[in-house]
Amino acid sequence: MDNRDNHRVRTADVSTDAAACAEIYAHYVRFTTASFEYEAPTAEQMSTRIAGALQSHEWLVSELNGRVDGFAYAGRWNPRPAYDWSCETSIYLRPGSEGQGAGAALYEALMERLRSRGFRLALARIALPNDRSVRFHENFGFAEVGVHHNLGFKSGEWIDVLHTELQLAPPTSQPPPIRPSARVS
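Residues numbered from 1 in each chain as written. Predicted model: local features only at pLDDT ≥ 70, side-chain atom pairs only at ≥ 80, totals over all residues. Heavy atoms only, no water.

Draft legend 1. Just the overall build of the protein, in detail. Looking only at helices and strands, one finds four helices and eight strands in the protein. For the protein, the α and β elements follow one another from N to C terminus as β-β-α-α-β-β-β-α-β-α-β-β. Each of the three principal axes of the protein carries a C-alpha extent, and together these read 45 × 40 × 30 Å. Every one of the 185 residues in the protein was classed for burial, and the buried ones make up 49%. Partitioning the contacts of the protein with sequence separation of at least 6, the portion at a separation of at least 24 is 66%. Carbon and sulfur atoms make up 50% of the accessible area of the protein, which totals about 9,700 Å². Side-chain charges in the protein split into 19 positive and 22 negative, and the spacing between the mean points of these groups amounts to 4 Å. (Helix = DSSP H or I, 4+ residues; strand = E, 2+ residues; numbered from the N terminus. Buried < 20%, exposed > 50% of the residue type's maximum accessible area, 1.4 Å probe, protein only. Contact = heavy atoms within 4.5 Å. Areas by Shrake-Rupley, 256 points an atom, 1.4 Å probe, with all protein chains shown as cover. Lys, Arg positive; Asp, Glu negative; His and termini not counted. Charge placed at Lys NZ, Arg CZ, Asp CG, Glu CD.)

Draft legend 2. Region of interest: unusual backbone geometry. The omega angle of the peptide bond from Leu128 to Pro129 is 0°, so this bond is cis rather than trans. For Pro129, the position within the fold is in the loop between strand E6 (121-127) and helix H4 (131-139). At Asn65, a residue that is not glycine, the phi angle is positive and equals roughly 55°. Here Asn65 lies in the loop between strand E3 (58-64) and strand E4 (67-76). Residue Asn150 is not a glycine yet carries a positive backbone phi of 55°. Mapped onto the elements of the fold, Asn150 is located in strand E7 (residues 143-154). Classification of Asn150 by relative accessible area gives partly exposed; the value is 46%.

Draft legend 3. Structural view of the pairing of E6. Most of E6 sits out of view: six of its seven residues are buried. Examined bridge by bridge, strand E5 (residues 86-93) and E6 share three bridges and lie parallel to one another. Across the sheet, residue Glu88 finds its bridge partner in E6, namely Leu123. At this point the chain moves from E5, through helix H3 (residues 102-117), to the parallel E6, and the crossover so formed is right-handed. Pairing geometry for E6 and strand E8 (residues 157-167), over seven bridges, is antiparallel. (Pairing = 2+ DSSP bridges. Right-handed = clockwise from strand over helix to strand, strands pointing away.)

Draft legend 4. Spotlight on the packing of helix H1 (residues 14-31) against helix H2 (residues 43-56). Put simply, H1 and H2 touch, their axes get as near as 8 Å, and they point 115° apart. It follows from the interaxial angle that H1 and H2 lie roughly perpendicular. Of the two elements, H1 crosses H2, and the hand of that crossing is right-handed. Contact residues: Val14, Asp17, Ala18, Ala19, Cys21, Ala22 and Tyr25 in H1; Ala43, Met46, Ser47, Arg49, Ile50, Ala51 and Leu54 in H2. Of the residues contributing to the contact of H1 with H2, the split by class is eleven nonpolar, one polar and two charged. (Axes fitted to C-alpha atoms, helices over the stretch in contact; angles between N-to-C directions. Parallel < 35°, antiparallel > 145°, perpendicular 65-115°, else oblique. Left-handed = near helix turned anticlockwise from the far one by under 90°. Nonpolar A, V, L, I, M, F, W, Y, C, P; charged D, E, K, R; others polar.)

Draft legend 5. Seen up close, a nonpolar patch on the surface. Where nonpolar side chains cluster on the molecular surface, the patch consists of Tyr38, Phe153 and Trp158 and spans about 400 Å² of accessible area. In this fold, Trp158 is placed in strand E8. Its relative accessible area of 53% is what places Trp158 among the exposed residues. (Patch = residues over 30% accessible without salt bridge, like charges linked within 9 Å, V, L, I, M, F, W, Y side chains within 5 Å. Salt bridge = Lys/Arg side-chain N within 4 Å of Asp/Glu carboxyl O.)

In structure tokens form, the structure reads like this:
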């Protein structure tokens, strides 16, 4: 467990955190272009997503006063085996929780866990415009790699997507084994 500014960051629990994660994520699906999904997943579907992430990567939640106020996770960048040391990260905060430390606490813990597990590169995609997310990722050391223009269509518009990367550890002559997640549910 990690703490920052009164936020408790912990590994997500498949059975007890899925509903809160689904509720938070639904806002981004329904009202923003931060997610390219058109329909918000149910709590049951979110539970399946959490379980999958915990089997191979990480899924963390942040709590403030006993309430989940955000989550961050990592998953496969690409299913081909040469990409096994790279992962894609995502973070979502309960609307109104921005700027209160949950995001920083989640990403600090997530990056540390990914490093300790042997991952070498974290990638993040950001639908543009989203200056807050761009600054957030820059503050964690993510560097811009490029922009795919008109990559997705949502809410009646074509959306550009910024690709960013963070070197979690320097490359080596032989990659380390990826250690399993601390908790598999």
